[in-house]
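# Coordinate analysis (summary)
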Amino acid sequence: MTAAVTKSAAQAAKENRVHGEALFPVAAYLHRARPGEMPIYAHWHEEAEFLMLLEGELALQIGTSLHPLKKGEAAFVPGGEIHAGHPRGDRGCAFFALVFRMDWLRGGALDRVQSEYLAGLLDGSCTLPAHYDGAEAWSASVLRQLSAIRDALAARKPGYELEVKARLLLILASVAGGPGWRARHRGRPQDRQRMELLKAVITHIETRYTDKIYLRELAELAGMSESRFSQFFKKTMRLSPMAYINRLRVEKAAELLRETDRKLLDIALEVGFGHPGYFIRRFRELTGMTPAEYRKRHFRTGE
């Protein structure tokens, strides 16, 4: 599906979903996050992604780098790079995400476009700039193209596929005429290994969050001591391991509160909170209201 759809904030760490279709590997997602929500949980996918902030502020983490985004700004996430979104301020945010296969942009035969511009993006040795704020002409051009792509995917008029592909190539042309490609720094071998271990830890958390998770099991999975792992996780994810787990559980609980009429105790136990009082405290800290107040305000409204 190429039209904008709502994207769940809490999702599998390694996305296995198919973005777009085999003959049109492009997908657009629109997500609105309430104040206190974690808009994008840490995940990664093989496709590249542009994310454009429509409302509010968002700190987008790409690998180990943090990129603060304001309304109207955008970011680029290379394929395979772990990324997460941390809320900023108390107004919530909304963003448009465009996920696409970079190899879709190359032609059927080797030409200068592929050899001089696409080759580095396809083999992972190069990447595009991460942040687009519109301050320079090339950056403003990228933002205009992303807005036009969003409109084209929403309208889906005959020929919209041509327009999307053409505008993605125009984005590359804008960057090539501006700062150009950047070397994709993957760090030292041991750093790359740690990022792979972190992916394994996040996947473990997001598949086991309903159970009791001990710090020692996460540290063992990462091959570190508990103290060293805690420091590494917090430095990379901007949250302690337990804070990350609790935030994920609260997001899952909020989803159940919005969409079901199940008892609060049952929901607390299902998402991994063993004590209802602790569930209420953590929920209030992250959303500003009790679970009961949240349900009263948001039950089956989707807002």
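The following refers to the structure shown. (Residues numbered from 1 in each chain as written. Predicted model: local features only at pLDDT ≥ 70, side-chain atom pairs only at ≥ 80, totals over all residues. Heavy atoms only, no water.)

This paragraph deals with the pattern of salt bridges. Using the criterion set out here, one finds 10 salt bridges in the structure. Here E270 ties to R262 by a salt bridge, and the two come within 2.2 Å at their closest N and O atoms. Using a relative accessible area of 31% as the deciding quantity, one classes R262 as partly exposed. (Salt bridge = Lys/Arg side-chain N within 4 Å of Asp/Glu carboxyl O. Buried < 20%, exposed > 50% of the residue type's maximum accessible area, 1.4 Å probe, protein only.)

When the terminal C-alpha atoms of helix α3 (residues 160–176) are compared, their 24 Å separation across 17 residues agrees well with the 24 Å that a helix rising 1.5 Å per residue should span. If you follow the buried residues of α3, they end up packed against β2 (26–33), β4 (48–62), β7 (83–100), α1 (112–123), β9 (131–132) and α2 (137–155). (Helix = DSSP H or I, 4+ residues; strand = E, 2+ residues; numbered from the N terminus. Expected span 1.5 Å × (residues − 1). Contact = heavy atoms within 4.5 Å.)

On to the environment of Y214. Its place among the elements puts Y214 in the loop between α4 (189–208) and α5 (215–222). Here Y214 falls in the partly exposed class, since its relative accessible area comes to 36%. The spacing of Y214 and R238 is 24 residues in sequence and 19 Å in space, taken between C-alpha atoms.

Even without being a glycine, R156 presents a positive backbone phi close to 50°. Counting through the fold element by element, R156 comes out in the loop between α2 and α3. Take R156: its relative accessible area is 39%, and that puts it in the partly exposed class. Within the chain, R238 stands out as a residue other than glycine whose phi angle is a positive 65°.

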